[in-house]
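For reference, the chains in residue letters:
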Amino acid sequence: MSRSAHPAGPRHADVLPEGHYSAPPADLNALDRKVWAQTVGRDGDGVLTVGGVSVTRLAEEFGTPAYVLDEDDFRARARAWRTAFGPDADVFYAGKAFLSRAVVRWLNEEGLNLDVCSGGELATALSAGMPAERIAFHGNNKSVEEIHRAVSAGVGRIVLDSFQEIVRVAHIAQSLGRRQPVQIRITVGVEAHTHEFIATAHEDQKFGIPLAGGQAAEAVRRALQLDGLELIGIHSHIGSQIFDMSGFEVAAHRVVGLLRDVRDEHGVELPEIDLGGGLGIAYTSDDDPREPHEIAKALTEIVTRECEAARLRTPRISVEPGRAIVGPTAFTLYEVGTVKPLDGLRTYVSVDGGMSDNIRTALYDAEYSVALVSRASDAEPMLARVVGKHCESGDIVVKDAFLPSDLAPGDLLAVPATGAYCRSMASNYNHVLRPPVVAVRDGEARVIVRRETEEDLLRLDVG
Ligand SMILES: *Cc1c(COP(=O)(O)O)cnc(C)c1O
């Protein structure tokens, strides 16, 4: 790796520019266990290792940028969710967070079910041997062709999202001589983000059928009448990156209220309730996520209590974590290309990827951490912004972070907690090639999704 001299970064003296950061950490080489995958550490030379493989070796063998996924960590997290909820509940991994055939096989082996929301995700799941009855099909606008495929394959449930879809799925199932198990996704008027939630009477969004105004009750009425459908439960998903359980409390209260009304009107006790996903992970040291067993205990208690109050048998609970399983298991490995100190502001560090491999910062103003991983450094900390190589000034990977001031081109940086919604949302902006996903385990590394090539790009461009 080359290392060229460059002017020293701006000193962060008394006044630091605006941003989301606290004081620089005492030791920039220290790794906060919360944000890194389980098997990550540093070797004697300060080089980051994961699954017993050093990042310098990974960069040499697979190039940068690359997503590096800790397979043991993925399996451990999947298993922790499975174990926490036990045999009387179901855990559906939300495939949209990151889906590949290797991941489907791991989930299958660890006893999890799988959520898909497009024909592409369904095809991936089936091609890797996930049994159809353990697949749930979501989405607010599934095409007729997608529904046809899902019903023919025998998916375990389709989550109905509109009045049109109730009829559409019933019709397709009937034409195939099937009775399709379905849930109805309702919106309960809870919007949850990170540390806050808002409970309202209405919800202004594209997903689900509103509980408000009796629409959800009407949807149940119609679904119960249609021969092609077997209504097995009610579904609610309230947000993402949630730490506070009180939003789920309000949601469960309202969903159980609907189950009670359904029992009173139709004499039917629907056997399942799905509380969705959205559980938060640590992107930076400021985040304190809960453990799966705490979440399982809280959710089970809430539903049980609400059902006792409504004199209902407690339904079978399912949850759909995506981010909370895969998010912490991967980091993105980048090589530094340029280091540009702006006096009195911060140092812009350009890496060889950017918004094409991580759109979350530009899209949601997401926060990430970052570390120098190809060596240790005891240089002074400098306030840095890690940016990509795209033609867009919003192309920021890590908005505010402290990095060692001797950072130089050729150094490797890693951004932890990029397992969810990074590869799955990756684009070809600027005709940049999407990075590979490399899985590491027990001293071995293997590509599970290969790097795109210019040939791949040109193959789509038929001229
Ligand atoms: C996105 C989504 C999830 C997963 O959300 P995470 O934040 O990744 O846990 C689960 N269920 C539904 C219906 C979703 O749309």
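Below or above, wherever it landed, is the structure these notes cover.

About the thresholds
- The numbers attached to residues start from 1 for each chain and follow its sequence in the written order.
- Only residues with pLDDT of 70 or above have their local features reported here, since the model is predicted, and side-chain atom pairs are shown and tallied only from 80 upward, although totals for entire chains, interfaces and linings are computed over all residues.
- Heavy atoms throughout the structure, all of them, feed into the side-chain values; hydrogens and water do not.
- Throughout this description, the term salt bridge denotes a Lys or Arg side-chain nitrogen within 4 Å of a carboxyl oxygen of Asp or Glu.
- Numbering of helices and strands runs from the N terminus, with a helix taken as a DSSP run of H or I at least four residues long and a strand as a DSSP run of E at least two residues long.
- Each residue gets one of three labels from its accessible area relative to the maximum for its type: buried under 20%, exposed over 50%, partly exposed in between, using a 1.4 Å probe on protein chains only.
- For a helix, the expected span equals 1.5 Å multiplied by the residue count minus one.
- If even one non-hydrogen atom of a residue comes within 4 Å of a molecule or strand, that residue is called near it.
- We define a polar contact as two N or O atoms separated by no more than 3.5 Å, with the added condition that, inside protein, one atom must be a possible hydrogen donor and the other a possible acceptor, whereas residues neighbouring each other in sequence contribute only through side-chain atom pairs.
- Only the protein chains shown count as cover for residues, and the accessible areas themselves come from Shrake-Rupley with a 1.4 Å probe.
- All amino acids are sorted into three groups, where Ala, Val, Leu, Ile, Met, Phe, Trp, Tyr, Cys and Pro are nonpolar, Asp, Glu, Lys and Arg are charged, and the leftover types, Gly among them, are polar.
- Pairing between strands is defined by DSSP: at least two bridges between the two strands are required.
- A pair of aromatic rings is counted whenever rings of Phe, Tyr or Trp (Trp by its six-membered ring) have centres within 6.5 Å, and the orientation is called stacked for planes under 30 degrees apart, edge-to-face for over 60 and tilted otherwise.
- The disulfide criterion is simple: two cysteine sulfur atoms within 2.5 Å.
- Every axis corresponds to a line fitted to the C-alpha atoms, with the helix fit spanning only the stretch in contact, and the corresponding angles, defined between N-to-C directions, vary from 0 to 180 degrees.
- By definition, residues are in contact when any of their heavy atoms lie within 4.5 Å.
- Working rule for angles: under 35 degrees goes down as roughly parallel, over 145 as roughly antiparallel, 65 to 115 as roughly perpendicular, anything else as oblique.
- Handedness of a crossing follows from how the near helix is turned relative to the far one, being left-handed for an anticlockwise turn of less than a right angle and right-handed for a clockwise one.

Bringing the pattern of salt bridges into the picture now. Applying the stated criterion to the full structure yields 31 salt bridges. The partner of E71 in a salt bridge is R75, with the nearest N and O atoms 2.9 Å apart. Taken together, the residues span about one helical turn, with E71 and R75 both in helix α2 (residues 71–85) at a distance of 4 residues. In this pair, the class of E71 matches that of R75, namely buried. Here R149 ties to E145 by a salt bridge, and the two come within 3.5 Å at their closest N and O atoms. Here the residue R149 and the residue E145 both occupy positions in helix α5 (residues 144–153), the gap between them amounting to 4 residues, near one helical turn. Looking at E145, the relative accessible area reads 46%, which means it is partly exposed.

Before going further, it helps to examine helix α8 (residues 246–266). What sets the pattern is the α-helix's 3.6 residues per turn: residues three or four places apart point alike. Here α8 is 21 residues long and its end C-alpha atoms lie 30 Å apart, about the 30 Å a rise of 1.5 Å per residue gives. For α8, the set of buried residues is G247, F248, A251, A252, V255, V256, G257, L258, L259 and V262. G267, located one to two residues past α8, shows a positive phi value of around 70°.

Now for the site of the ligand. Taken together, 15 residues sit near the ligand, with K96, G278, E320, R323 and Y421 positioned nearest. Interatomic distance of 3.0 Å between a backbone N/O atom of G322 and an oxygen atom of the ligand. The protein chains hide 92% of the 380 Å² of surface that the ligand would expose on its own. Considered class by class, the residues forming the shell around the ligand number 3 nonpolar, 7 polar and 5 charged.

The pairing of strands in a sheet comes from backbone hydrogen bonds and takes either a parallel or an antiparallel form. Judged by pairing direction, the sheet is antiparallel, and its 3 strands sit side by side in the order β1-β2-β3 without closing on themselves. Each having just a single partner strand, β1 (41–42) and β3 (53–54) make up the two edges of the open sheet. Where β1 meets strand β2 (residues 48–50), 2 bridges bridge the pair, whose relative direction is antiparallel. Opposite R42, over in β2, you have L48 as the bridge partner.

Another point: the packing of aromatic side chains. What the rule picks out here adds up to 5 aromatic pairs. Arranged with centres 5.9 Å apart and planes meeting at 5°, the rings of W81 and F85 form a pair that is stacked. Separated by 4 residues within a single helix, W81 and F85 lie in helix α2, roughly one turn from each other. Three or more aromatic residues link up through ring pairs in this structure, and these residues are F74, Y93 and W106.

A word on the state of the cysteines. By definition, a disulfide links the sulfur atoms of two cysteines through a covalent bond. Under the counting rule described, the total for this entry stands at 0 disulfides. Between C117, a cysteine without a disulfide, and C422, which holds the nearest cysteine sulfur, the sulfur-to-sulfur distance is 17 Å. Residue classification places C117 among the partly exposed positions, given a relative accessible area of 33%. For C422, a relative accessible area of 0% translates into the label buried.

Attention shifts here to the pairing of strand β20 (residues 381–387). Judged by how many residues are buried, β20 sits mostly within the fold: 7 of 7 residues are covered. Pairing analysis gives 4 bridges linking strand β18 (residues 346–351) to β20, with the strands arranged parallel. Bridge pairing in β20 places V349 opposite V386.

This part takes up the sheet that holds strand β11 (residues 196–199). The strand order across the open sheet built from 3 strands is β11-β10-β14, with neighbouring strands paired in mixed fashion. Every interior strand has two partners, whereas the edge strands, β11 and β14 (239–242), have only one. Between one strand axis and the next, the sheet turns through 20° on average, direction left out of account. For strand β10 (residues 190–194) and β11, the ladder comprises 4 bridges, and the chain directions are antiparallel. Residue E191 lies in a different strand from β11, and its bridge partner there is I198. Sitting on the sheet, α8 touches β10, β11 and β14, and the angle it makes with β11 is about 25°.

Attention shifts here to the packing of α5 against helix α6 (residues 163–175). In contact at an axis separation of 10 Å, α5 and α6 are set at 50° when each is read in the N-to-C sense. Judged by the angle between their axes, α5 and α6 are oblique. The crossing of α5 and α6 is right-handed. Across from V144, I147, H148 and V151 in α5, the residues of α6 making contact are E165, R168, V169, I172 and A173. The residue inventory of the contact of α5 with α6, partitioned by class, reads 6 nonpolar, 1 polar and 2 charged.

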